[in-house]
Each structure stands twice: as C-alpha cells, then as structure tokens.
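# Tertiary structure, described
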Amino acid sequence: MTPWIVNPSAFNVLQAPIGGKSEVLIAPWSSEGGRPRKISVFLLGVRRGSHLRSTVCSDAVEQKEVPTYVTRVMNLLSADLPKMFDVHHEPDWSIYADDVEFEDPMTKFDGVDQYRRNIRMLKDSLLFGEGNLEIHDIWSQRRISTGAAVWSVLTRFTLSFKARIFPWKPILRFTGTSEYILREDGLVVGHIDRWDSISNQSFPSTDALRDFSSQFFSFSSPISISSSSTLLRRYEEYEVRREKERSTIYVEYVRRQDGIRALSEFAAGSNDQGIIIPTEAPLVLEFPDGVSGSKKRMHLFLRNNSSKTATFRDQVRYGSLLEGNFACMPLKEGITAESAARAATKLQNLLISGGWRLQSSRIWLVQFSPIHALPWNIYNEVWIEVGPS
C-alpha cells in the first residue's frame with residue numbers, strides 16, 4: 001500500500017505499512033508542505049471508513065480508554081450538527097461552556113450567546129440563509145498539554161449557504177475540519193475551524209477574506225451543487241466530490257462531431273423503438289488510457305436515470321459513470337487535445353502533491369459549454385478518480 005497523508009486538524013496523519021500491518025502515525029503539521037518534519041507520537045485505534053471513531057494520541061504506544069464524557073459529546077454532535085442550519089431546529093447549546101471560544105480564519109469571538117447569534121446569522125438572516133452542514137466523519141483525539149490530557153472531538157465538514165445580499169444569491173461553500181476542545185466536565189470550551197481552501201489559517205487571514213469574497217462572483221459547477229454530487233473537499237484550484245452512479249448512453253468515437261451526431265440521433269428517436277430518450281448536459285468525454293491514449297468514449301447522461309428501452313444503434317450503448325470520488329478542476333477554455341493534456345497534467349500533479357491516490361490513468365473531460373461558446377462564457381472541467389486521502 002502506498003503511504004498517504006491527510007490533515008484532519010493541526011496534524012498530518014501518515015498511514016504506512018509497518019511489519020506487514022497498516023499503522024497510523026501522527027505528527028505536527030508542516031506548513032512547508034511535503035512530509036512531516038518529525039514523527040513524535042502514535043495515533044491508535046483508527047478504523048478507516050468509520051463515521052464515528054475514537055483515536056488516542058499519546059507519547060506512549062498504548063491504547064487508552066475514551067472517557068464517557070468524550071463519547072457523549074461525540075454522539076450529541078453527530079446527531080445535532082447535521083441539523084444545525086435547519087431553521088426549525090434549535091441546537092443543543094447545553095454542551096457549550098458559557099465562555100466558549102470560537103475561531104476560524106475570518107472570525108474570532110467568545111461566549112455562547114455570540115456563538116448562537118453567529119449561527120442564526122448564517123442560518124436565516126437578511127445577509128445569509130439556506131445553510132447546510134454535512135458531516136463526513138467524526139472522531140476523538142487526546143493530546144498532552146502542559147502535562148495534562150486534553151480531549152477534543154473533531155469533524156470533517158462541508159458547509160454551504162446563500163448570500164442573500166446579492167440579487168443573484170451566490171452559494172458560498174467551505175470544507176475543512178472543526179475541533180471541539182473539551183474540559184473534564186464534558187463542556188466544549190473551544191471550537192476551531194480550518195478551511196481546506198487556504199494556506200494561512202491564522203485569524204485574521206487575508207487568504208480567508210479573499211476566498212470568502214471571491215465566491216460572490218465565481219461560477220459554481222452545476223454538478224457540484226446537484227443532488228448527484230457531494231462536495232468533500234474544496235481547494236483553491238480544484239474540488240473533490242463524491243459522485244453517485246448515473247446512467248448514460250455512450251459511443252466510442254474518433255472525431256468528436258461524429259460521436260455527438262451518433263448520440264444526438266439515437267436520443268432523438270433514431271433507435272429501434274423510434275422513441276425520444278431524455279438526456280441532459282453535460283457531455284462527458286472519457287479517456288480510459290489518458291488523454292494521449294487512442295481509446296475515446298463519449299457519454300450523455302440519461303435524465304433522471306430514465307429507463308433503458310431502446311436497443312443499440314450505430315455502436316451506441318447504455319452505460320454508466322460509476323459512483324466514486326473525483327477530483328474536479330475547472331477548464332475555462334475550449335476542450336482541445338492541447339488544453340486537455342495541460343489540464344490533466346496539472347491536476348495530476350496537484351493531487352500527487354496533496355497526498356491523493358490516483359485510482360487509474362483514466363481522465364474525464366466534462367463539457368458544459370458549447371464548442372463555439374464565447375471565451376468569457378466557457379466553463380468545462382477535467383475529472384480524475386481518486387482514492388481516500
């Protein structure tokens with residue numbers, strides 16, 4: 001197994017094969033990038049793929065029992081957080097200390113009353129609304145601070161809400177980690193958010209202000225905000241999304257115009273049933289062996305995964321784009337062999353430097369804009385399937 005790195009909070013976690021088994025180590029995050037500067041402690045008890053797990057951080061290599069109050073807070077947060085921005089839901093404020101401190105790269109305050117006001121502003125106000133908080137994972141962590149054990153509950157989240165102050169109501173989206181610092185009476189005394197999209201996490205972060213304000217005027221991919229897609233990570237130059245399996249019609253092609261014509265005619269009724277087959281954008285170009293490979297496949301999504309009734313014609317087949325995690329990078333120019341190769345190489349390099357594992361050499365080019373769209377109206381994407389980070 002190839003070692004891989006994630007950053008659930010202020011730490012890098014390194015998984016690597018040790019003695020034939022997969023061990024998990026933890027080390028302080030290096031802002032210089034690359035591998036951690038020094039492995040100092042072990043992180044035990046991690047179960048990959050778990051949505052409720054406990055990890056123990058200690059200088060000694062031994063399993064520690066997770067205190068009852070930590071498990072209780074984990075359970076409360078896992079139930080409460082997904083409903084945090086529901087206008088009809090009142091969060092359980094009893095788990096927060098009166099003097100709880102909150103900090104993210106743009107905001108810093110203390111007090112549970114201010115905490116409550118901040119949530120209400122994002123949930124339903126003249127400025128913001130229609131918020132949604134997705135929790136992808138939750139785990140606990142023990143650290144030694146000034147000789148005493150400090151427990152935290154950490155989550156990986158996706159947060160989105162609309163900015164109502166603009167007529168076009170742009171959707172602002174953030175992914176990252178939250179750390180809820182606990183004291184021994186089980187109350188949350190600190191809440192620290194870190195965003196995936198910026199480097200400088202320290203309040204006040206100019207990176208955060210730039211990222212926040214830029215979303216007022218940026219275009220979100222129609223797929224990234226659709227019901228078939230779940231945003232997992234939003235970085236400065238690309239996103240990672242979990243896509244659901246979707247039915248398609250596809251054809252293998254040499255010239256793009258020939259593939260478009262074959263799919264269009266089939267969907268328009270040139271099939272053995274003589275029926276219209278509802279399809280929807282975008283057009284997806286699949287390169288099983290990379291963009292330089294000879295094999296090329298073109299897909300059109302079936303609207304609402306509509307039933308497959310007509311049979312094949314002129315090499316048109318029914319297929320699917322399988323469920324998985326995809327790194328998706330904007331391609332704000334027309335899709336040509338040269339632009340596709342440049343974009344694919346750039347995204348591959350970004351993923352490798354970010355610690356992501358590429359599942360294969362397969363590349364997808366997702367065409368939202370017509371071929372002859374004006375330059376300022378062009379928006380397409382390049383996709384690469386990735387494994388867990």
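This text goes with the structure placed above it.
Here goes a summary of the coordinates provided. Small disclaimer: the values here were computed from a predicted structure and weren't measured.

## Topic: the side chain of Asn 380
- Its place among the elements puts Asn 380 in strand 21 (residues 380-386).
- For Asn 380, a relative accessible area of 2% gives the class buried.
- Of the polar contacts made by the side chain of Asn 380, one reaches the backbone nitrogen of Phe 368; its length is 2.9 Å.
- With near-sequence residues (within four places) excluded, Asn 380 lies in contact with Met 329, Pro 330, Leu 331, Glu 333, Gly 334, Ile 335, Val 366, Gln 367, Phe 368 and Ser 369.

## Considerations on the packing of aromatic side chains
- This model, assessed by the stated rule, comprises 22 aromatic pairs.
- On the numbers, 6.2 Å between centres and 75 degrees between planes, the contact of Phe 266 with Tyr 318 is edge-to-face. Highlighted residues: Phe 266 in helix 4 (residues 256-267) and Tyr 318 in strand 18 (residues 317-321), separated in sequence by 52 residues. Like Tyr 318, Phe 266 is buried.
- Ring centres 5.5 Å apart and planes at 45 degrees place the aromatic pair Phe 326 and Trp 383 in the tilted group. Note that Phe 326 is positioned in strand 19 (residues 324-331) and Trp 383 in strand 21, a separation of 57 residues in sequence. The exposure classification of Phe 326 matches that of Trp 383, with both residues buried.

## With respect to the pattern of salt bridges
- Taken as a whole, this structure holds 22 salt bridges when the rule is applied.
- The salt bridge partner of Arg 116 is Asp 113, with a shortest N-O separation of 3.0 Å. On the criterion of helical spacing, the pair formed by Arg 116 and Asp 113 is a turn pair, its members being three residues apart in helix 2 (residues 112-123).
- Glu 280 is the partner of Arg 246 in a salt bridge, and the nearest nitrogen-oxygen pair spans 2.6 Å. Taken as a pair, Arg 246 in strand 15 (residues 246-252) and Glu 280 in strand 16 (residues 279-287) lie far apart in primary sequence, 34 residues in all.
- The partly exposed category is assigned to Glu 280, whose relative accessible area is 25%.
- Salt bridges sharing partners connect three or more residues here, namely Arg 173, Glu 239, Arg 241 and Glu 381.

## Regarding helix 2
- Under the 1.5 Å per step criterion, the end-to-end length of helix 2 is 16 Å for 12 residues, consistent within 8% with the ideal 16 Å.
- For helix 2, the set of buried residues is Val 112, Tyr 115, Arg 116, Asn 118, Ile 119, Leu 122 and Lys 123. Buried residues in helix 2, looked at end-on, bunch into an arc of 160 degrees, giving them a common side.
- Where helix 2 is buried, its residues contact strand 7 (96-103), strand 8 (108-110), strand 9 (128-145), strand 10 (148-163), strand 11 (171-182) and strand 12 (188-195).

## Here we look at the sheet that holds strand 18
- Pairing is antiparallel in the open sheet, where nine strands are placed in the order 13-14-19-21-20-16-17-15-18. Sheet topology places strand 13 (229-234) and strand 18 at the edges, where each strand pairs with a single neighbour. When the angles between neighbouring strand axes are averaged without regard to direction, this sheet yields 35 degrees.
- Here strand 19 runs beside strand 21; their pairing, made up of seven bridges, is antiparallel. In the sheet register, Met 329 faces strand 21, and the bridge partner there is Val 382.
- Against the sheet, helix 4 touches strand 15, strand 16, strand 17 (297-302), strand 18 and strand 20 (363-367), its axis set at about 130 degrees to strand 15.

## Regarding a negative patch on the surface
- A cluster of like negative charges, contributed by Asp 98, Asp 99, Glu 101 and Asp 110, occupies part of the molecular surface.
- Counting residues per element, the negative patch draws most heavily on strand 7, at three residues.
- Using a relative accessible area of 66% as the deciding quantity, one classes Asp 98 as exposed.

## What about the nonpolar core?
- Ranked by internal contacts, the top residues of the largest apolar core, which has 39 residues, are Val 70, Leu 77, Tyr 96, Tyr 115, Val 153, Phe 161 and Tyr 180.
- Mapped by element, the contributors of at least two residues to this core are helix 1 (68-80), strand 7, helix 2, strand 9, strand 10, strand 11, strand 12 and helix 3 (206-214).
- With residues up to four places along the chain from it excluded, the contact list for Val 153 reads Val 70, Val 73, Met 74, Leu 77, Ile 138, Trp 139, Ser 140, Ser 178, Glu 179, Tyr 180 and Leu 182.
- By size, the runner-up hydrophobic cluster in this structure holds 36 residues, among which are Met 298, Leu 331, Ile 335 and Ala 343.

## Overview of the environment of Arg 242
- With respect to the helices, strands and loops of the structure, Arg 242 is situated in strand 14 (residues 239-243).
- When the C-alpha positions of Arg 242 and Ser 228 are compared, they lie 8.4 Å apart, and in sequence the two are 14 residues distant.

## Comments concerning the pairing of strand 19
- Burial of strand 19 is extensive: six of the eight residues sit out of reach of the surface.
- Of the pairings in the sheet, the one linking strand 14 to strand 19 comprises five bridges and is antiparallel in character. Residue pairing in the sheet places Arg 242 in a bridge with Asn 325 of strand 19.

## Some thoughts on the environment of Gly 131
- Within the secondary structure layout, Gly 131 lies in strand 9.
- Sequence separation between Gly 131 and Asp 86 is 45 residues, and the spatial gap between their C-alpha atoms is 7.4 Å.
- Sequence-distant contacts of Gly 131, defined by excluding residues within four places in its chain, comprise Phe 85, Leu 122, Lys 123, Ser 160 and Phe 161.

## Here we look at helix 5 (residues 337-353)
- With 17 residues, helix 5 should reach 24 Å at 1.5 Å per residue; the first-to-last C-alpha distance of 24 Å fits that figure.
- Among the residues of helix 5, Ser 339, Ala 340, Ala 343, Ala 344, Leu 347, Leu 350 and Leu 351 are the ones counted as buried. All buried residues of helix 5 project into a common sector of 130 degrees when viewed along the axis, lining one side. Exposed residues pointing more than 90 degrees away from the buried face of helix 5 are listed as Ala 337, Glu 338, Ile 352 and Ser 353.
- Taken together, the buried residues of helix 5 touch strand 19, strand 20 and strand 21.
- One or two residues past the end of helix 5 sits Gly 355, with phi positive at roughly 85 degrees.

Reading the values: rules and limits
Residues numbered from 1 in each chain as written. Predicted model: local features only at pLDDT ≥ 70, side-chain atom pairs only at ≥ 80, totals over all residues. Heavy atoms only, no water. Helix = DSSP H or I, 4+ residues; strand = E, 2+ residues; numbered from the N terminus. Buried < 20%, exposed > 50% of the residue type's maximum accessible area, 1.4 Å probe, protein only. Polar contact = N/O pair within 3.5 Å; in protein donor to acceptor, adjacent residues only side chain to side chain. Contact = heavy atoms within 4.5 Å. Phe/Tyr/Trp six-rings, centres within 6.5 Å; stacked < 30°, edge-to-face > 60°. Salt bridge = Lys/Arg side-chain N within 4 Å of Asp/Glu carboxyl O. Expected span 1.5 Å × (residues − 1). Arc of directions from axis to C-beta. Pairing = 2+ DSSP bridges. Axes fitted to C-alpha atoms, helices over the stretch in contact; angles between N-to-C directions. Patch = residues over 30% accessible without salt bridge, like charges linked within 9 Å, V, L, I, M, F, W, Y side chains within 5 Å. Areas by Shrake-Rupley, 256 points an atom, 1.4 Å probe, with all protein chains shown as cover. Lys, Arg positive; Asp, Glu negative; His and termini not counted. Charge placed at Lys NZ, Arg CZ, Asp CG, Glu CD. Core = buried A, V, L, I, M, F, W, Y, C linked by side-chain atoms within 4.5 Å.

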